[in-house]
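Residue strings, one per chain:
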Amino acid sequence: MNYTFNITKVEKSAIHEFDFDNIPFGKVFADHMFMADYIDGQWTNLTIQPMAPISTHPANMAWHYGQAIFEGMKASRDAEGNAFIFRPEMHAQRFNKSAFRMNMPQMPEDLFMQAVHTLVSMEKEWIPKQEGSAMYIRPFMYATDHSIGIKVSNTYRFIILVLPVGPYYNHPVKLLAQDKYIRAVVGGVGEAKAAGNYAAAMYPTTLAKEAGFDQVVWLDGVEKKYIQEVGTMNIFFVINNEILTPALDGAILDGITRNSLITLFKDQGYKVTERRITIDEVMEAGKNGNLTEIFGSGTAAVVAPVSTLQHNEEIVELDTNNRPISLWAYETINGMRNRTIEDKFGWLSPAK
Ligand SMILES: *Cc1c(COP(=O)(O)O)cnc(C)c1O
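**What to know about the pattern of salt bridges**
- Across all of its chains, the model carries 14 salt bridges by this definition.
- The residue glutamate 71 makes a salt bridge to arginine 94 at a minimum N-O spacing of 2.8 Å. Pair noted here: glutamate 71 is in the loop between β4 (68-70) and β5 (73-77) and arginine 94 is in helix α2 (residues 88-101), with a separation of 23 residues, a long-range link. This pair shows no difference in class: glutamate 71 is buried, exactly as arginine 94 is.
- Salt-bridge contacts for lysine 271 lead to glutamate 242; the nearest nitrogen and oxygen are separated by 3.7 Å. Taken together, the residues span a long stretch of sequence, with lysine 271 in strand β14 (residues 271-275) and glutamate 242 in strand β13 (residues 242-246) at a distance of 29 residues.
- For glutamate 242, a relative accessible area of 19% translates into the label buried.
- Through salt bridges with shared partners, one network takes in Glu284, Lys287 and Glu314.

As C-alpha cells, this is what we get:
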C-alpha cells in the first residue's frame, strides 16, 4: 500500500548551524519528524512536520501507566552520498512484537517502512559523512487516552525522530554482575522494547557506576545464575575460540546487532553457540585464561569491548588491545554501513 503523508516543511533548515564534527549525542534533531495517530482502530493524521514540542494532556495514560515502546536503528551514507538504512524491516517486526506484548495496536509494516524511508530521504543531508557517524532513527509509540482509570488505551501516537550521531567512542567497559537487582524474567516484558524496562534499570546502574563500573550484567531472575544481557546490550563471550551468547529465552531482547553478528561470525567460519551461560563458568574461564573477549552488542555502539568483569569478590581482567573477534565484527558492520565492505546479506536498504 502507498500511504499519503501530509508534509509541512520548515521555512529554513537548521543544518547550517550544526557542527558535524562535534555531535552531542541525542540532543540535536533533524528538521522534521513523522507523526501518526491511532483513533477508532485506524492509523490516521499521517504527517511529516517540523520537529517541535507537542502538547499533551496531564492525564495522558502513557505517563501514568507506561504503555510506551520504541525502536532504534541507523542510517548511513556511502561515498556518493546515497543513504542506506540498516535492516529496517527487522525493526518494524520487533516494534510490532513489543506493541503486541504491551497491548498496543500493530503498526502496519508497510506504513512503518514508508514513514522511515520518506523521513530519512528527506533528511539525508543530516546523515553525517564522518567515519563511524550515522543518523539514529527513533520510532516510538505511546498511549494517548486521557484517563486516570487503569485500562487499555484506545488511542495512541506514533512518532519517528531522526538525529545525527557522532562516532560512538568504544572505550572498554567495566561490568558488574550482581544478583540483588534483575532486569527481566521469562513471562515479563524483557523481550519488549518497552520504556519501563529502562526506567527499572536506572537505579541498579547508578549503584554500579558509584562503585566504579560502567554497566550491569543482568542475571536471570530465578536462579541468579544465567547471564542475560549487559546494560541495554546483548552480550558475547569468546572462550577457547568459541563465540558464546545467551540463547533467547523470552526475557532477553532479541537484538538485531546480535542477530547480525551471529550471522557474520558463522559465515566467517567461527564456532558460534547460543545457549544458557552461567556467570560461574565465565568467571572460571577468566581465571584459567580461556576467556579472551567479552563484548556487548547494540545499534548505538555496534560492539562495546569489555575490560573488566566482577562478580562477588572475583574479578576478571581482559586485554582489550588484543580482541581480534570483536574488532573485526565492529569494522565489518561499520564497513557495510559505509559501503566499503560488501553487503553480502542484503542488510542495507537504500532510502527511497
Ligand atoms: C535495543 C536493545 C538491545 C540491542 O538491540 P539492537 O537491535 O541490536 O539495537 C539489547 N538489549 C536491550 C535491552 C535493548 O533495549
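**Quick notes on the site of the ligand**
- The environment of the ligand is formed by 14 residues, the closest being Lys193, Tyr198, Glu229, Thr257 and Thr299.
- In this structure, threonine 232 approaches the ligand through a main-chain N or O atom, which is 3.3 Å from a nitrogen atom.
- One of the backbone N or O atoms of isoleucine 256 is found 2.8 Å from an oxygen atom in the ligand.
- Protein burial of the ligand: of its 380 Å² of free accessible surface, 96% is covered by the chains.

**What to know about the packing of aromatic side chains**
- Counted by the stated rule, this structure contains 23 aromatic pairs.
- Ring centres 5.8 Å apart and planes at 90 degrees place the aromatic pair phenylalanine 265 and tyrosine 270 in the edge-to-face group.
- Judged by its relative accessible area of 27%, tyrosine 270 is partly exposed.
- Through pairs of rings, three or more aromatic residues link up here, namely Phe5, Phe34, Tyr38, Trp43, Phe95, Phe112, Tyr156 and Phe158.

**Brief notes about the side chain of arginine 323**
- Looking at the element boundaries, arginine 323 is found in the loop between β17 (314-317) and α7 (324-337).
- The side chain of arginine 323 is buried and forms no salt bridge, while glutamate 293, the nearest opposite charge, is found at 5.4 Å.
- A polar contact of 2.8 Å, which involves the side chain of arginine 323, links it to the side chain of serine 326.
- Those residues in contact with arginine 323, other than ones at most four positions away along the chain, are Glu293, Val303 and Pro305.

**Here's the deal with the domain arrangement of the protein**
- Partitioning the protein into domains gives domain 1 (6-166) and domain 2 (173-336).
- Look at where the C-alpha atoms of domain 1 and domain 2 centre, and you get two points 27 Å apart.
- In this assembly, 18 residues from domain 1 lie in contact with 18 residues from domain 2.
- Of the roughly 1600 Å² buried between domain 1 and domain 2, counting both surfaces, carbon and sulfur atoms make up 63%.
- The interface formed by domain 1 and domain 2 contains zero salt bridges.

**A few points about the environment of alanine 195**
- Here alanine 195 shows up in helix α4 (residues 195-210).
- Judged by relative accessible area, which is 31%, alanine 195 ranks as partly exposed.
- Placed 111 residues apart in sequence, alanine 195 and phenylalanine 84 show a C-alpha to C-alpha distance of 27 Å.
- Not counting chain neighbours up to four residues away, the residues in contact with alanine 195 comprise Ala68, Ile69 and Phe70.

**Focus: the environment of isoleucine 137**
- As for its placement among the helices and strands, isoleucine 137 is situated in strand β7 (residues 134-143).
- On the basis of relative accessible area, isoleucine 137 is assigned to the buried category, the value being 0%.
- Residues isoleucine 137 and glutamate 71 lie 66 residues apart in sequence; the distance between their C-alpha atoms is 7.9 Å.
- If near-sequence neighbours (up to four positions away) are discounted, isoleucine 137 is found in contact with Glu71, Gly72, Met73, Lys74, Ala75, Ile85, Val116, Val120, Ile160, Leu161 and Val162.

What counts, and at which threshold
- Residues numbered from 1 in each chain as written.
- Predicted model: local features only at pLDDT ≥ 70, side-chain atom pairs only at ≥ 80, totals over all residues.
- Heavy atoms only, no water.
- Salt bridge = Lys/Arg side-chain N within 4 Å of Asp/Glu carboxyl O.
- Helix = DSSP H or I, 4+ residues; strand = E, 2+ residues; numbered from the N terminus.
- Buried < 20%, exposed > 50% of the residue type's maximum accessible area, 1.4 Å probe, protein only.
- Near = heavy atom within 4 Å.
- Polar contact = N/O pair within 3.5 Å; in protein donor to acceptor, adjacent residues only side chain to side chain.
- Areas by Shrake-Rupley, 256 points an atom, 1.4 Å probe, with all protein chains shown as cover.
- Phe/Tyr/Trp six-rings, centres within 6.5 Å; stacked < 30°, edge-to-face > 60°.
- Lys, Arg positive; Asp, Glu negative; His and termini not counted.
- Contact = heavy atoms within 4.5 Å.
- Domains from an automatic or database assignment.
- Buried area = accessible area lost by both parts, 1.4 Å probe.

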